[in-house]
Every structure is written in structure tokens, then in C-alpha cells.
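One letter stands for each residue in the lines below.
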Amino acid sequence: MSKTDIRSLSLSELTEKTVSMGLPKYRAGQIYSWLNEKGAVSFDDMTNIGKQLRKTLDDEFYICNCKIDTKLVSQKDDTVKYLFDLSDGEYVESVVMKYKYGYTICISTQLGCKMGCSFCASAIGGFKRHLRPSEMLSEVITAQNDLGIRISHIVLMGTGEPLDNYDNVMKFLSLVTDENGLNISMRHISLSTCGIVPRIYDLAEKRLGLTLSVSLHAPNDSIRSRSMPVNLKWNIEELLKACRCYTEVTSRRISFEYAMISGLNDSDECARELSSRLRGMLCHVNLIPVNNVRENNYVRSDRERLRSFSEILQKNGINVTVRRTLGSDINASCGQLRAKKITDKK
Ligand code: SAH
């Protein structure tokens, strides 16, 4: 009989399971607190649980953990990048960034990605599999344990498309925000999507209070479809309609990600077109100078382009920021370390 993935269970699921094993109800609370609040990595860490019972638990359940394969620390800004080794020989990457308000972790939600955006390193090597809730939790717990810190913010912006792994991501969100567990506020969580339109409506219905980021990267379909195949399925009009619905239902501002690629999407004309499409929306545009990935030849827009583009948005009443680059000396943008590992292994 295969063992149950205990870190993917909610407190009530764990309680049901342990009560059915004949254990008193309070045991589930103790075990859950060890796993999620204290970040235990084995049943032997659970010192208020007797040896015999620890053995019984070990026979019934397994604890999903990540092992650190590679850890890179930026000399410039303390950003830490991890490549974690999962139990099946797959690798997943996460980045921890230090801000004035606390520590943020950027986690991966899938191994590889199906979406095939041409500028993104996560697309390299294709899609392997979804990550389970326990594996996403382990990214947070392993980084916390290693650095001896409390992480206060999470961004789902690593490898993978979170809305393509919807059920597991929703379960992860409920576990990571549970007050008996890591207790991270939903207000401190951002989820980034390339635009899986039906799931944006589903997410709106849940009224979770998280921040939705949408990877737009273009003002029109002809440019967007060239670099983001998802646009062929749901075009910008459908995407923005879903985004308007999201802001109406949740009253939450949407953040649009826009990677500035020289000569592709960074002209003044593009800025004007983007302004008119977003006019009147409860939103914010985050301009990101594109990161060069080994497999493509994109060049980031220069400072002057960024300035001119953001000025046009501002003049049209659109909130805009230029994202600060963290960890540039350690290849900290998503998918790059994993992609290198995959290529090196071949
Ligand atoms: N699949 C999700 C989340 C993962 S990518 C999404 O598409 O939103 C996180 C963000 O990084 C996305 O906005 C993505 O478009 C952006 N990104 C990917 N590769 C990039 C690169 N080379 N330079 C700048 N941003 C990039």
C-alpha cells in the first residue's frame, strides 16, 4: 500500500485520517503543527510524540521534503536562489528576496511549463508534471529552515503556470494561509498567470484577497501571439474582459506584467495602444526589462525607452512602476537554473 502524502493534508483531513487509525483527536493538531508551523522534516523531529507512534505514522505517511541541490547567494542584494531536488530526481527552483517589509519567496508551481512563451526559460525542456501542494509548501519550509527566517510574502511567479495546476495551487493556498500552519496572509500572496481566462473567472468567484498579476507583455494580439501562444486561445480582449470582471468582483487591483523587449513591444506607439486598452481599469503596470535567456536573442529595452514608455502610460493616467532587478549576479529570474541543470544532465 502506498503511503499518504501527509503535508498535502489539511488539518481536518489529517484529523479524519488519524482518528480512523484509532488516535485521539489532539494528535492531529500536534502533528499538523510540527509539519506546518515548526517545519518538521521527519517524524523523529516530533519530540512530544512517543517512539512507537512515530513509527506507526512513518508506516502510514510520508513527509514530502526538498533537498537543496544548489544555493546561490547574491553578493549584491542578499537574494538567494535555490535549486531543490525532489524525491523523484526532478528539480524545482525558488528565489528568496529580502525587502524592507520582510522576506518574499518566489515559488514554482509546475515542473516545466506548457505555455511556451518565447522569452521564458521555464518553457525550455517542456512540461514534466504538476507540483503537489506539499511540494510547493516544502519550497517555503526548506528555504525558511535553511535561512533561519520567517517568510512573510509569497509570489507564485516561478516555473509553471499556476492556473494550469489549479486544484493543487488552491489547496496550497489554503494550507499556507492556515492560521494553524505557516499562517501567511492571503494579502501577502501574488499569483501570476499568462492568461488562462476561464480560471480567472473561477478565481474571482473565490474572492481570496490575493493579488492577481497578469503577464500581458503586448498591447495587441499580433505582437502578443508572436511570443505567447496562449494568446491564440484567449486573446487580449477576452483576457481583459476577465480581468475587469475580476476587479469588479474582488475590488482588487490587477497588476499587469510587461517585459520590455527592444524593438518588439517597447515603442511609444505600443505605450499609447496599451494606455487606451487599459484606460479606466483598476490596475497597475509593472515594466520589467526582459531578462536575456540563453535560448533566445531578445534584448532588453534601454533606460531611455523605459522612461519614455512609462511616461506615456503615466500621462494617460495608468499607474506604472519599473521593476527593480534583484539577484542579477546569480541568474535569479525564473527557470534559468533548472534549465541549465536539465541541459547539463544531457
Ligand atoms: N506562468 C505565469 C508565472 C510564471 S513567469 C505567468 O506567465 O505569469 C513569472 C513572470 O516572469 C511572468 O510575468 C513572465 O511573463 C515573466 N518572465 C518570464 N521570462 C521572462 C524574461 N526572460 N524576462 C522578463 N520576464 C520574464
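Our subject is the structure that appears above.
Note that residues are indexed from 1 along each chain, following the sequence as it is written. Under the rules for a predicted model, residues below a pLDDT of 70 receive no local features and side-chain atom pairs below 80 are neither given nor counted, while totals for whole chains, interfaces and linings still include all residues. As a rule here, side-chain values cover all heavy atoms of the structure and leave hydrogens and water aside.

1. Quick word on the nonpolar core
The criterion, for reference: By nonpolar core is meant a set of buried Ala, Val, Leu, Ile, Met, Phe, Trp, Tyr and Cys residues that side-chain atoms within 4.5 Å join together. Each residue is placed in one exposure class: buried if its accessible area under a 1.4 Å probe, protein chains only, is under 20% of its type's maximum, exposed if it is over 50%, and partly exposed if it falls in between. What counts as a helix is a DSSP run of H or I of at least four residues, what counts as a strand is a run of E of at least two, and both are numbered from the N terminus. Between two residues, a contact is recorded if the distance between any of their heavy atoms is within 4.5 Å.
Grouped together as the largest cluster of nonpolar side chains are 97 residues, with contacts concentrated most on I154, F172, F256 and L278. Looking at this core element by element, the count peaks at 7 residues for helix 5 (residues 166-176). When sequence neighbours within four positions are dropped, the list of residues in contact with F172 reads I107, P133, M136, L137, V140, I154 and L156.

2. Some thoughts on the site of the ligand
Inclusion rule: Whether a residue is near a molecule or strand depends on its heavy atoms: it is near if one of them lies within 4 Å of it. As used in this structure description, the phrase polar contact means that two N or O atoms lie within 3.5 Å; if the pair is within protein, one of them must be able to donate a hydrogen and the other to accept it, and residues adjacent in sequence are counted only when both atoms belong to side chains. Working definition of accessibility: Shrake-Rupley area with a 1.4 Å probe, residue cover restricted to the visible protein chains. For this scheme, ten residues count as nonpolar: Ala, Val, Leu, Ile, Met, Phe, Trp, Tyr, Cys and Pro. Four count as charged, namely Asp, Glu, Lys and Arg, and the remainder, Gly too, count as polar.
Close contacts around the ligand come from 17 residues, with F119, S192, S215, H217 and N291 the closest. A distance of 2.9 Å separates a nitrogen atom of the ligand from a polar atom in the backbone of G160. In the environment of the ligand, an oxygen atom lies 2.6 Å from a nitrogen or oxygen atom belonging to the side chain of S215. Taking 530 Å² as the accessible area of the ligand by itself, protein coverage stands at 94%. Contributing elements (two or more residues each) for the shell around the ligand: strand 10 (189-193) and strand 12 (254-260). Looking at the shell around the ligand residue by residue, the class counts come to 8 nonpolar, 7 polar and 2 charged.

3. Here we look at the side chain of T193
On the secondary structure map, T193 appears in strand 10. A polar contact of 3.0 Å, which involves the side chain of T193, links it to the backbone nitrogen of G195. Those residues in contact with T193 that lie beyond four places of it in its chain are E161, L163, I200, L212, S213, V214 and S215.

4. Some details on the packing of helix 10 (residues 268-278) against helix 11 (residues 303-315)
Note the following rule: Orientation is described by axes fitted as lines to C-alpha atoms, over the contacting stretch for helices, and by angles from 0 to 180 degrees between their N-to-C directions. We call two directions roughly parallel when the angle between them is under 35 degrees, roughly antiparallel when it is over 145, roughly perpendicular when it lies between 65 and 115, and oblique otherwise. By convention, the crossing between two helices is left-handed when the near helix turns anticlockwise from the far helix through less than a right angle, and right-handed when the turn is clockwise.
One way to put it is that helix 10 packs onto helix 11 with a least axis distance of 9 Å and a crossing angle of 30°. Considering their axes alone, helix 10 and helix 11 lie roughly parallel with respect to each other. At the point where helix 10 passes helix 11, the crossing takes the right-handed sense. Every residue of helix 11 that contacts helix 10 at D268, C270, A271, R272, L274 and S275 is listed here: R305, S308, F309, I312 and L313. For the contact of helix 10 with helix 11, the class distribution of residues is 6 nonpolar, 2 polar and 3 charged.

5. Thoughts on the packing of aromatic side chains
Applied cut-off: Put simply, two rings from Phe, Tyr or Trp (the six-membered ring, in Trp's case) pair if the centres are within 6.5 Å, and we call them stacked under 30 degrees between planes, edge-to-face over 60, tilted for the rest. Only when the NZ atom of a Lys or the CZ atom of an Arg is both within 6 Å of the ring centre and within 35 degrees of the ring normal do we say a charge sits over the ring.
Considering all chains together, one arrives at 3 aromatic pairs under this definition. Ring geometry for Y82 and F84: centres 5.0 Å apart, planes at 15°, overall stacked. The pair formed by Y82 and F84 is uniform in burial state, with each residue classed as buried. Ring centres of Y258 and F309 lie 5.1 Å apart, and the angle between their planes is 40°; on these two criteria the pair is classed as tilted. Of this pair, Y258 sits in strand 12 while F309 sits in helix 11; the two residues are 51 residues apart in sequence, bridging distant segments of the chain. For the cation-ring pair, K38 lies above W34, with the distance from its terminal atom to the ring centre recorded as 4.4 Å. One residue, K114, lies across the ring of F127, its end atom 4.8 Å from the ring centre.

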